[in-house]
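This is what each chain is made of:
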There are 2 protein chains.
Amino acid sequence: MAATSPTPTPALTAERILEATEEVLRRHGPAKATVVDVARALGVSHGSVYRHFRTKAALREAVTKRWLDRTSEQLSGIAAGDGDPRARLRDWLRALFEAKRRKAGADPELFATYMVLADENGPAVTEHIADLTGQLAGIIRDGAERGVFAVPDPAVAARAVFQATGRFHDPGYAREWERPQAEADFGSLVELLLQGLRAR
Amino acid sequence: MAATSPTPTPALTAERILEATEEVLRRHGPAKATVVDVARALGVSHGSVYRHFRTKAALREAVTKRWLDRTSEQLSGIAAGDGDPRARLRDWLRALFEAKRRKAGADPELFATYMVLADENGPAVTEHIADLTGQLAGIIRDGAERGVFAVPDPAVAARAVFQATGRFHDPGYAREWERPQAEADFGSLVELLLQGLRAR
DNA sequence: CAGATGACAGATTTCAATATCTGTCATTCC
DNA sequence: GGAATGACAGATATTGAAATCTGTCATCTG
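Reading guide: rules and limits
Residues numbered from 1 in each chain as written. Chains lettered and ligands numbered in written order. Predicted model: local features only at pLDDT ≥ 70, side-chain atom pairs only at ≥ 80, totals over all residues. Heavy atoms only, no water. Helix = DSSP H or I, 4+ residues; strand = E, 2+ residues; numbered from the N terminus. Expected span 1.5 Å × (residues − 1). Buried < 20%, exposed > 50% of the residue type's maximum accessible area, 1.4 Å probe, protein only. Arc of directions from axis to C-beta. Least-squares fit on C-alpha atoms with pLDDT ≥ 70 in both. Contact = heavy atoms within 4.5 Å. Salt bridge = Lys/Arg side-chain N within 4 Å of Asp/Glu carboxyl O.

A. Spatial organisation of helix H6 (residues 108-119) of chain A. All names here are of chain A. Here H6 contains 12 residues, and its C-alpha end-to-end distance of 16 Å stays within 8% of the 16 Å for a straight helix at 1.5 Å per residue. Buried within H6 are the following residues: Leu-110, Phe-111, Thr-113, Tyr-114 and Leu-117. Projection of H6 onto a plane perpendicular to its axis shows the buried side chains occupying an angular sector of 155°, all on one side. Positive backbone phi, approximately 55°, marks Asn-121, located one or two places after H6.

B. Focus on the relation of the copies chain A and chain B. Each copy of the sequence occupies a distinct position, and chain A is placed on chain B by a rotation of 180° and an axial shift of 0.0 Å, giving an RMSD of 0.1 Å. In the structure described here, the two chain copies are related by an operation that fits a two-fold rotation axis. For chain A, the smallest separation between a C-alpha atom and the rotation axis is recorded for Gly196(A), amounting to 1.7 Å. Comparing contact sets, 100% of the residues at the interface of chain A also lie at the interface in chain B, consistent with an isologous, same-surface contact.

C. Inspection of the pattern of salt bridges at higher detail. Under the defined criterion, the tally for this structure stands at 44 salt bridges over all chains. Here Arg26(A) ties to Asp107(A) by a salt bridge, and the two come within 2.5 Å at their closest N and O atoms. Of this pair, Arg26(A) sits in helix H1 (residues 14-32) while Asp107(A) sits in the loop between helix H5 (85-106) and H6, placing them 81 residues apart in sequence. Judged by relative accessible area, Arg26(A) falls into the partly exposed class, the value being 33%. A salt bridge links Asp185(A) to Arg159(B), with the nearest nitrogen and oxygen atoms 2.8 Å apart. On the criterion of chain membership, the pair formed by Asp185(A) in helix H9 (residues 181-197) and Arg159(B) in helix H8 (residues 154-164) is interchain, its members lying in two chains.

If you want it as structure tokens, here you go:
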């Protein structure tokens, strides 16, 4: 009746630790989750976890990075498209808004972890923002080359667009995302920004 | 040697209580300031304070309202001007940014009180925002009538502009206001928005 | 010998007892 | 009699002792 582990001791990898950590964070939230919990979930001592991640903060950061990267990757698909840059910009901004809203609703505890990180300006968050702003700049540059947009500097414009839409992706505003008003507000803001970029 | 109070007992008015409360908040901050402190500062019992303000929250709110109204009034001067609406919009947005930044720096404790109120969606904050958005709508409507701006609905555009510039007036972003980048970011965002409003 | 362990010190969190505060109101004072 | 008071109950905050957690490292194990 040996219905036990087919792999007796599946080597302890960083990846396995990240999976377990994500699960623990989902269950307990960033305030309660401990490194000991993670170790227990893996059936190892907490010392072993510290062999792969120097601090608890590094572990939190790695989990959040993985989580954020999933969003970045989805969006990069839209950014890399070759349709009308205006439509692409609209779609991309909407996808960003939807993705954040969905994560906030479906994974409140991981989202709370992300908020902690955002609050303390963790490098993972800074990189995430740089990545997204880069994607935006790509769309805008493309639009400028095609003569659809007229901007002095696509990178600067991207930064402005990203900051202008902060209310619809910055985790600090998550509470507002469920209000009915949010949809209309998002729409009119995006149209205003598109007008601002438009070549005349 | 009666070197005591020239006015023996200057009647306890709501105004005097508000002044004392502002002072107490400035000194102790919203977390530590108590109604008993306010009463002590006035030389009365705390029961007397409750005769003028039904709850501590109402008192906090009244103080913050007064404080916010000072900013609104300053800005209304700019909004009511009759120069080029584009310049007026620029000036108004800059004045709002400057005012918030100055208050955050010069009066950190009162600013913290404001943040508490903003977090709990106090009516005073909602009204403050409605007032500011109204001023913005006035400038934009004026611009539209003069043919400088082209917008479907000034009130909707005002809302969009206000939300787009949130990073430069929303208290949650106060930390960012001292970064050197902030100036440039503010400038490029405002220009983008002005382009977006511009008649073509 | 590479990787895992668990005892350990110092930092942080929890918990319960204590103190303070909020808001009410019967009484007191001009 | 209208305003002020201060005792009071329940809610909230503070405090300090105990428990838990983080991060290190000498030791162990395969």
